[in-house]
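In case you want the letters, here they are:
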Amino acid sequence: MQAEYDSNNIFARILRGELPCFKIYEDADNIAFLDIMPQSDGHALVVPKEPAVDFFGLSEAGAAAAIRATQRVARGVREAFQPDGVVITQFNGAAAGQTVPHIHFHIVPRYADQTLRGHAREKQSMDVLRQHADRVIAALAKLPA
Ligand code: AMP
């Protein structure tokens, strides 16, 4: 059972450059940007360029590339924010909590003294997102290739 891909979903539009994002990483197969409604500071999304609704619709090559990118971006986020832990999640289907129908991986830093903010609830200020994106970009630039 494969869900039909809607090429006008918000991440498809970001991938086409029709909508802005706080981009922190890009390679041939993925982009990563900050979640606009972060559950914690540094919450990032890795978005494969392949037009797949979810994990099941992604090719094996796309899945491998996405995991590699997720590991690299997570290293950058961890370096930039020095959280106590990092949760990596990926939701498939509305019942699992998926709200955007284009495959993506969440990188969610966890801080021991903070509870998570709600999922897709509250927009962060653009100034804060810009500063946070710059921190991750700088950390990623220092990682070995
Ligand atoms: P999911 O519920 O796993 O589909 O997650 C979608 C995520 O995308 C949520 O955490 C939202 O906060 C986030 N989101 C929605 N619109 C945007 C956007 N325009 N830019 C960045 N993140 C977004």
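Details of the structure are given in the entry above.
This is a predicted model, so every value here is computed, not measured. (Residues numbered from 1 in each chain as written. Predicted model: local features only at pLDDT ≥ 70, side-chain atom pairs only at ≥ 80, totals over all residues. Heavy atoms only, no water.)

Trainee: What is the right way to read the sheet that holds strand β3 (residues 44–48) from this model?
Mentor: Picture the strands of a sheet paired through backbone hydrogen bonds; they go either parallel or antiparallel. Strands sit in the order β1-β2-β3-β5-β4 across an open sheet of five strands; the sheet is antiparallel. Each edge of the sheet is formed by a strand with only one pairing partner; in this case those strands are β1 (23–26) and β4 (85–89). Taken over all neighbouring pairs, the strand axes of this sheet differ in orientation by 20 degrees on average, direction set aside. Alignment of β3 against strand β5 (residues 105–110), held across three bridges, turns out to be antiparallel. Across the sheet, V46 pairs through a bridge with F105, a residue of β5. Packing against the sheet, helix α2 (residues 60–81) makes contact with β1, β2 (30–34), β3, β4 and β5, and its axis sits at approximately 25 degrees to β5. Lying on the sheet, helix α3 (residues 126–142) is in contact with β1 and β2; it crosses β1 at an angle near 30 degrees. (Pairing = 2+ DSSP bridges. Helix = DSSP H or I, 4+ residues; strand = E, 2+ residues; numbered from the N terminus. Axes fitted to C-alpha atoms, helices over the stretch in contact; angles between N-to-C directions. Contact = heavy atoms within 4.5 Å.)

Trainee: Teacher, can you tell me more about the site of the ligand here?
Mentor: D35, T99, V100, H106 and H119 are the nearest of the 18 residues found near the ligand. Note that an oxygen atom of the ligand is positioned 2.5 Å from one of the side-chain N or O atoms of D35. The protein chains hide 93% of the 510 Å² of surface that the ligand would expose on its own. For the shell around the ligand, the elements supplying multiple residues, two or more each, are α1 (10–15) and β2. Partitioning the shell around the ligand into residue classes produces eleven nonpolar, six polar and one charged. (Near = heavy atom within 4 Å. Polar contact = N/O pair within 3.5 Å; in protein donor to acceptor, adjacent residues only side chain to side chain. Areas by Shrake-Rupley, 256 points an atom, 1.4 Å probe, with all protein chains shown as cover. Nonpolar A, V, L, I, M, F, W, Y, C, P; charged D, E, K, R; others polar.)

Trainee: What am I meant to see in the pairing of β3 here?
Mentor: Every other side chain in a regular strand lies on the same face of the sheet, so the side chains alternate between the two faces. The buried fraction of β3 amounts to five of the five residues, a majority that puts the element mostly inside the structure. Side chains of β3 alternate between two faces, with A44, V46 and P48 and L45 and V47 buried alike. Here five bridges tie β2 to β3, and the two strands are oriented antiparallel to one another. Of the residues in β3, the one forming a bridge with I31 is V47. (Buried < 20%, exposed > 50% of the residue type's maximum accessible area, 1.4 Å probe, protein only.)

Trainee: What exactly am I supposed to notice about α2 here?
Mentor: Spacing of three or four residues puts side chains on the same side of an α-helix, whose turn is 3.6 residues. In a regular helix each residue adds 1.5 Å, so 22 residues correspond to 32 Å; α2 covers 31 Å between its end C-alpha atoms and thus fits that length. Regarding α2, the residues found buried are G62, A63, A65, A66, A69, T70, V73, A74, G76, V77, A80 and F81. Turning to α2, the residues buried within the fold contact β1, β2, β3, β4, β5 and α3. Positive backbone phi, approximately 50 degrees, marks Q82, located one or two places after α2. (Expected span 1.5 Å × (residues − 1).)

Trainee: Explanation requested: the packing of aromatic side chains in the structure shown.
Mentor: Ring pairs (aromatic) are described by centroid distance and by the angle formed between their planes. On inspection of all chains with the given rule, the structure shows three aromatic pairs. Each ring, one from F11 and one from F33, has its centre 5.4 Å from the other, and the planes form 80 degrees; the classification is edge-to-face. In this pair, F11 sits in helix α1 while F33 sits in strand β2, placing the two residues 22 residues apart along the sequence. Under the relative-accessibility criterion, F11 is labelled buried at 7%. A relative accessible area of 4% means that F33 is categorised as buried. Through a chain of ring-to-ring contacts, the aromatic side chains of F55, F56 and F105 assemble into a single cluster. The ring of F81 has R135 lying over it, and the distance from NZ or CZ to the ring centre is 4.2 Å. (Phe/Tyr/Trp six-rings, centres within 6.5 Å; stacked < 30°, edge-to-face > 60°. Lys NZ or Arg CZ within 6 Å of the ring centre and 35° of its normal.)

Just geometry here; none of it tells us what the structure is for.
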